[in-house]
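Listed below, chain by chain, are the residues.
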Amino acid sequence: MTLTHLSEEQREIVSLARNFARDEVTPFAAQWDRDSHFEPSLVKKLGDLGFLGLMIPEEFDGMGLDTLTYLLALEEIARADASVAVMLSVHNSLPTQMLLRWGNEAQKERFLKPMARGELLGAFALSEAESGSDASSLRCQAVRDGDDWIISGTKTWVTSGSHAGVIIAMVRTDASDARRGSKGISAFIITPDLPGFSVSKKEDKMGLRASPTVQLVFDHCRVPADRLLGDEGQGFIYAMQSLDNGRLGIAAQALGIAQAALDASLAYAAERRQFGTAIRDFQAIQFKLADMASRITASRALLHATAAAKDRGEPTTAFGAMSKLMASETAMWAATEAVQIFGGYGYVKDYPVEKLFRDAKITEIYEGTSEIQRVVIARQLYAQQD
Ligand SMILES: Cc1cc2nc3c(=O)[nH]c(=O)nc-3n(C[C@H](O)[C@H](O)[C@H](O)COP(=O)(O)OP(=O)(O)OC[C@H]3O[C@@H](n4cnc5c(N)ncnc54)[C@H](O)[C@@H]3O)c2cc1C
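Procedures and definitions
- Residues numbered from 1 in each chain as written.
- Predicted model: local features only at pLDDT ≥ 70, side-chain atom pairs only at ≥ 80, totals over all residues.
- Helix = DSSP H or I, 4+ residues; strand = E, 2+ residues; numbered from the N terminus.
- Rg over C-alpha atoms; globule rule 2.2 N^0.38 Å.
- Buried ≥ 20, exposed ≤ 12 C-beta atoms within 10 Å, placed from the backbone.
- Near = placed C-beta within 6 Å.
- Nonpolar A, V, L, I, M, F, W, Y, C, P; charged D, E, K, R; others polar.
- Domains from an automatic or database assignment.
- Core = buried A, V, L, I, M, F, W, Y, C linked by C-beta atoms within 7 Å.
- Contact = placed C-beta atoms within 7 Å.
- Expected span 1.5 Å × (residues − 1).

> Would you explain the overall build of the protein in this entry?
For the protein, the count of helices and strands is 11 helices and 10 strands. For the protein, the C-alpha radius of gyration of 21 Å lies close to 21 Å, the compact-globule estimate for 386 residues. Overall, the protein is about 80 × 50 × 40 Å in size when its C-alpha atoms are taken along their principal axes. Across the 386 residues that make up the protein, the buried fraction comes to 49%.

So this is what it looks like as structure tokens:
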């Protein structure tokens, strides 16, 4: 259910995504979740569909679609599996957009084009063990050595990091006292072939189990100077600006989870009988279904309006944070209600809502926790007041 008018092209993309999810994701998602298995063939298949270059202009081998169309496709994939959706969201919102915006022509040719074609998967490495919400306190450091940089440190929680061909990593290039904090951080284009780079611990997660989340170790990793993305010292600003867009992807992922929770609840409530009638006849269940549909529709309307504003070139920091906050809290709430509607059957792995419940939680945490979204929104409110 959406209030947004969709063009012919948008309807086609939605149906492409829905058919792909039906054939290539839904039948396997529960098993991938049980096995904590990332299915590498998905990258090629999604690449062949054009889904790894959804917002990349055609001149760089992408589909050149607008933000709303991208989010519509992402929601459909998330409805089938949130793990596949986060791989798509990170790739499309963060590393590819950073290369498109700040990469030079040689970098676009070498990295962006194969990423848009689905030949290289992208990842984004900002977080560290001691530096999460306070991302500007990161310690991973690069020191100049002739024509190279030598990077030392460890990045944590990197989505798709074990399978990525390109990782955009934020690293401190100026550790002098006067320039600590957000200044002095630069963005680097990392490839797994660099000497001193390795993938270490894979996290054993509550949900999103088919999405590998790993630590990346830089042990005096030698990186050629032409891997610097954009200007030295601007990496933190690039990361923050990119996360404004990344949050829209996470909001779409959350909406897919919430919609799946509603779909499953509607079907189950029609089929499950107690006291001689389908449980959907009880007003208590009707109210849950109605509230789920209302909150999902409201969150989706906000997200779609934000996407349209972004494509008009308007600032969307506050609306993006609101979209992510609303959609993720809706997803967690809707998944909780779905488990309640399923009763005991909601608590076991034979039915889909147990996985939705586990998958929903992360949307309130990554790319800025709900608390941080509220901080961002309040800051924007105060700025308008001043
Ligand atoms: C599955 C998964 C995938 C991820 N993928 C990536 C990725 O691809 N790349 C990447 O760089 N990172 C990634 N992350 C990291 C993620 O973005 C961080 O976990 C998140 O930003 C929170 O940081 P933290 O875990 O260190 O929590 P902390 O920052 O330690 O926060 C702990 C608690 O304190 C609260 N808090 C902190 N500061 C404030 C404040 N100022 N006001 C109010 N409350 C506050 C938080 O909201 C939270 O409740 C991923 C994480 C997970 C779990």
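> Help me out: how do you make sense of the site of the ligand in this one?
In the region of the ligand, 21 residues are neighbours, and Gly132, Ser133, Trp157, Thr369 and Glu371 sit closest. Among the elements of the structure, β1 (122-125), β3 (148-159) and α11 (370-385) are those that each provide at least two residues to the shell around the ligand. Along the lines of polarity and charge, the residues of the shell around the ligand split into 12 nonpolar, 6 polar and 3 charged. Shared between two domains, the shell around the ligand takes at least three residues from each, and those domains are domain 2 (123-236) and domain 3 (240-385).

> Got a minute to help me understand the nonpolar core in this structure?
Across soluble globular proteins, nonpolar side chains have a tendency to be buried as a group. Formed by 114 residues in total, the largest nonpolar core has its most connected members in Ile77, Ile257, Ala261 and Ala335. Per-element tally for this core: the top contributor is helix α7 (residues 235-271), with 17 residues. Not counting residues within four places of it along the chain, the set of residues in contact with Ala335 comprises Ile257, Ala261, Val353, Leu356, Phe357 and Ala360.

> I'm lost on helix α6 (residues 105-117) in this one. Help?
Along an α-helix, a turn takes 3.6 residues, which lines up residues three or four apart on a common side. Helix length check: α6, at 13 residues, gives a terminal C-alpha distance of 17 Å against a target of 18 Å (1.5 Å per residue), a fit within 8%. Among the residues of α6, those classed as buried are Phe111, Leu112, Met115 and Ala116. Looking at the buried positions of α6, the neighbouring elements they touch are α5 (95-102), β1, β4 (166-172) and β5 (185-190). Looking one or two places after α6, you find Gly118, whose phi comes out positive at around 90°.

> Help me understand the domain arrangement of the protein, please; the structure alone is not making it clear to me.
Note: interface size is frequently given as the accessible area lost on complex formation between the parts. Under the domain assignment, the protein is made up of domain 1 (8-121), domain 2 (123-236) and domain 3 (240-385). Here the C-alpha centroids of domain 2 and domain 3 sit 31 Å apart. Every contact between the two is made by 5 residues of domain 2 and, on the other side, 7 residues of domain 3. Split by residue class, the side of domain 2 that touches domain 3 holds 3 nonpolar, 2 polar and no charged.

> Whenever I open this one, unusual backbone geometry confuses me. Can you help?
In terms of backbone geometry, most residues other than glycine have negative phi values and most peptide bonds are trans. Residues other than glycine seldom take positive phi values, yet Trp157 does so here, at roughly 60°. Following the sequence through the fold, Trp157 ends up in strand β3. A positive phi angle, near 65°, is found at Ser160, a position not held by glycine. With respect to the helices and strands, the residue Ser160 is situated in the loop between β3 and β4. Using a count of 25 C-beta atoms within 10 Å as the deciding quantity, one classes Ser160 as buried.

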